[in-house]
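Residue-level structure breakdown
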Amino acid sequence: MKKILYVIIGLFVVYLILCKAGPSKMIVERSIDIDASADIIKSKMADLKFFQKSWSPWTEKDPAMKVTFTGEAGQQGCKMAWESQVKEVGKGSMTYNYTNGDTVMHTLHFDDYGDSKVYQLVRNEGKGTKVIWGMYSKMPFFMRPMGLFVNMDKMIGPDYEKGLAKLKTTIESTPKQTEDAYVVNELDWGVKTYFGIKKIGLTFDKIGPFFGESYGKISEALSKAKVKPIMPPKAIYFAFDEKTMIADVAAVVEVAPGSKADGVEKFEYPPSKVLHIAYYGSYEKSAKAHYAMDAYMKEKNLMQSAVMEEYVTDPMMEKDTAKWLTNIYYFIKK
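All of the points below concern the structure found in this document. (Residues numbered from 1 in each chain as written. Predicted model: local features only at pLDDT ≥ 70, side-chain atom pairs only at ≥ 80, totals over all residues. Heavy atoms only, no water.)

Below, the discussion takes up a nonpolar patch on the surface. On the surface, a nonpolar cluster with roughly 270 Å² of combined accessible area is contributed by F204, F240 and M245. As for its placement among the helices and strands, M245 is situated in the loop between β10 (230-241) and β11 (246-255). Using a relative accessible area of 33% as the deciding quantity, one classes M245 as partly exposed. (Patch = residues over 30% accessible without salt bridge, like charges linked within 9 Å, V, L, I, M, F, W, Y side chains within 5 Å. Areas by Shrake-Rupley, 256 points an atom, 1.4 Å probe, with all protein chains shown as cover. Salt bridge = Lys/Arg side-chain N within 4 Å of Asp/Glu carboxyl O. Helix = DSSP H or I, 4+ residues; strand = E, 2+ residues; numbered from the N terminus. Buried < 20%, exposed > 50% of the residue type's maximum accessible area, 1.4 Å probe, protein only.)

Moving on, we come to the nonpolar core. Core analysis: the largest hydrophobic core is formed by 34 residues, its most contacted members being F211, L222, Y237, L275 and Y330. It is helix α7 (residues 207-225) that contributes the most residues to this core, seven residues altogether. Beyond its immediate sequence surroundings of up to four residues, Y330 is in contact with K273, V274, L275, H290, M293, D294, M297, Q304, A306 and V307. (Core = buried A, V, L, I, M, F, W, Y, C linked by side-chain atoms within 4.5 Å. Contact = heavy atoms within 4.5 Å.)

Let's shift gears to the sheet that holds strand β12 (residues 265-269). In spatial order, the strands read β8-β13-β15-β14-β10-β11-β9-β12; together these eight strands make up an open sheet with antiparallel pairing. Where the open sheet ends on each side, the last strands, each with one partner, are β8 (185-189) and β12. Averaged over all neighbouring strand pairs, the angle between strand axes comes to 35 degrees, with direction disregarded. Relative to strand β14 (residues 304-311), β10 is paired through four bridges, and the arrangement is antiparallel. Across the sheet, residue A235 finds its bridge partner in β14, namely E309. The strands touched by α7 within the sheet are β9 (192-203), β10, β11 and β14, with β11 carrying the most contacts at an inclination of about 30 degrees. (Pairing = 2+ DSSP bridges. Axes fitted to C-alpha atoms, helices over the stretch in contact; angles between N-to-C directions.)

A word on the environment of P229. As for its placement among the helices and strands, P229 is situated in the loop between α7 and β10. With relative accessibility at 49%, the residue P229 sits in the partly exposed group. In the structure, P229 is positioned 23 residues away from V252 in sequence and 9.7 Å away in space, judged by C-alpha atoms. If we skip the residues at most four places from it in the chain, P229 touches L222, V253 and E254.

Right, let's talk about the side chain of D62 for a bit. Positionally, D62 belongs in the loop between α4 (57-61) and β2 (66-70). K61 provides the closest opposite charge to the buried, salt-bridge-free D62, at an N-O distance of 11 Å. Not counting residues within four places of it along the chain, the set of residues in contact with D62 comprises S84, Q85, V86 and V89. (Lys, Arg positive; Asp, Glu negative; His and termini not counted.)

Let us look at unusual backbone geometry. With a phi angle near 55 degrees, K226 is a residue other than glycine that sits in the positive phi range. Here K226 shows up in the loop between α7 and β10. Overall, K226 belongs to the exposed group, its relative accessible area being 77%. With phi around 70 degrees, M231 is a residue other than glycine that occupies positive phi space. Residue placement: M231 occurs in strand β10. Here M231 falls in the partly exposed class, since its relative accessible area comes to 22%.

Attention shifts here to the side chain of D159. Relative to the helices and strands, D159 is located in helix α6 (residues 152-172). Not counting chain neighbours up to four residues away, the residues in contact with D159 comprise P57, W58, K61 and W133.

Now for the packing of aromatic side chains. This model, assessed by the stated rule, comprises 18 aromatic pairs. A ring pair is formed by Y182 and Y279, whose centres lie 6.4 Å apart and whose planes are at 50 degrees; its orientation type is tilted. Taken as a pair, Y182 in the loop between α6 and β8 and Y279 in strand β13 (residues 272-280) lie far apart in primary sequence, 97 residues in all. Overall, Y279 belongs to the buried group, its relative accessible area being 3%. (Phe/Tyr/Trp six-rings, centres within 6.5 Å; stacked < 30°, edge-to-face > 60°.)

Turning next to the environment of M155. With respect to the helices and strands, M155 occurs in helix α6. Residues M155 and V28, spaced 127 residues apart in sequence, show a C-alpha to C-alpha distance of 9.6 Å.

Shown next as structure tokens:
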């Protein structure tokens, strides 16, 4: 009996040594050059439906796997879950977290392995764009011995190479756009609720100061009501006269339907069809993106009921205006 106990203790000590010797993290990266603008590629990276349909290397391994999507494509928190009988594909999910500057972040979850951070770095290089697809995961202490015997780079790397090659083919086969062209996405939104402060007849030069003052008041009101905002701050433009540069506008934040707060106005929208453009640059130069949206609506014979801008990038944290992301949304009249 003592011999068995000594063997067990010995094996446990050996295992602890392997845990200490094993890698504490796992990183896999692959890259490719794509002949397209970084803005176009980043907008595609945030769309999990596009990923599953157009460039996921695992879709090819099991075209019949069960896939479900929750949330709105290209929006923070949207999620793709899959379940496959093919061992290499397995069961898991991927959630889009955010786009900031040249980085697109996701969370990858495998039921057997837990969560990993998945990222795409999208950088202008010369006339094209370099895309780096990577995965980073911390190895729990008692799982580190696996890293000594299993080469994750060799296991996952070839799939990343195949996926990036498909992405390159898909994007480069799409007719090229001019530098000032923008990708317009059609989205279907569910019920939306916003709390904010509205101002009628605001001149253009006063919009910035109005936003700065209003977002502070909104934050204070939500804090008192213990209501958590959803997504970054936004502005809703109900009317805008280009000749007089006067707007009816509201500074708002999105909240969960049914939320209550004093000192702010509630704006509710039923399920809507929405057009979206991801604009990168300073706020003052966003007019071309709006002109592109106007041209798209004329071509499709559509009318807008309101315009929303979502300010994703914090100017206090990112000084390079070229990296400021503003999501522009047009609510379409039914």
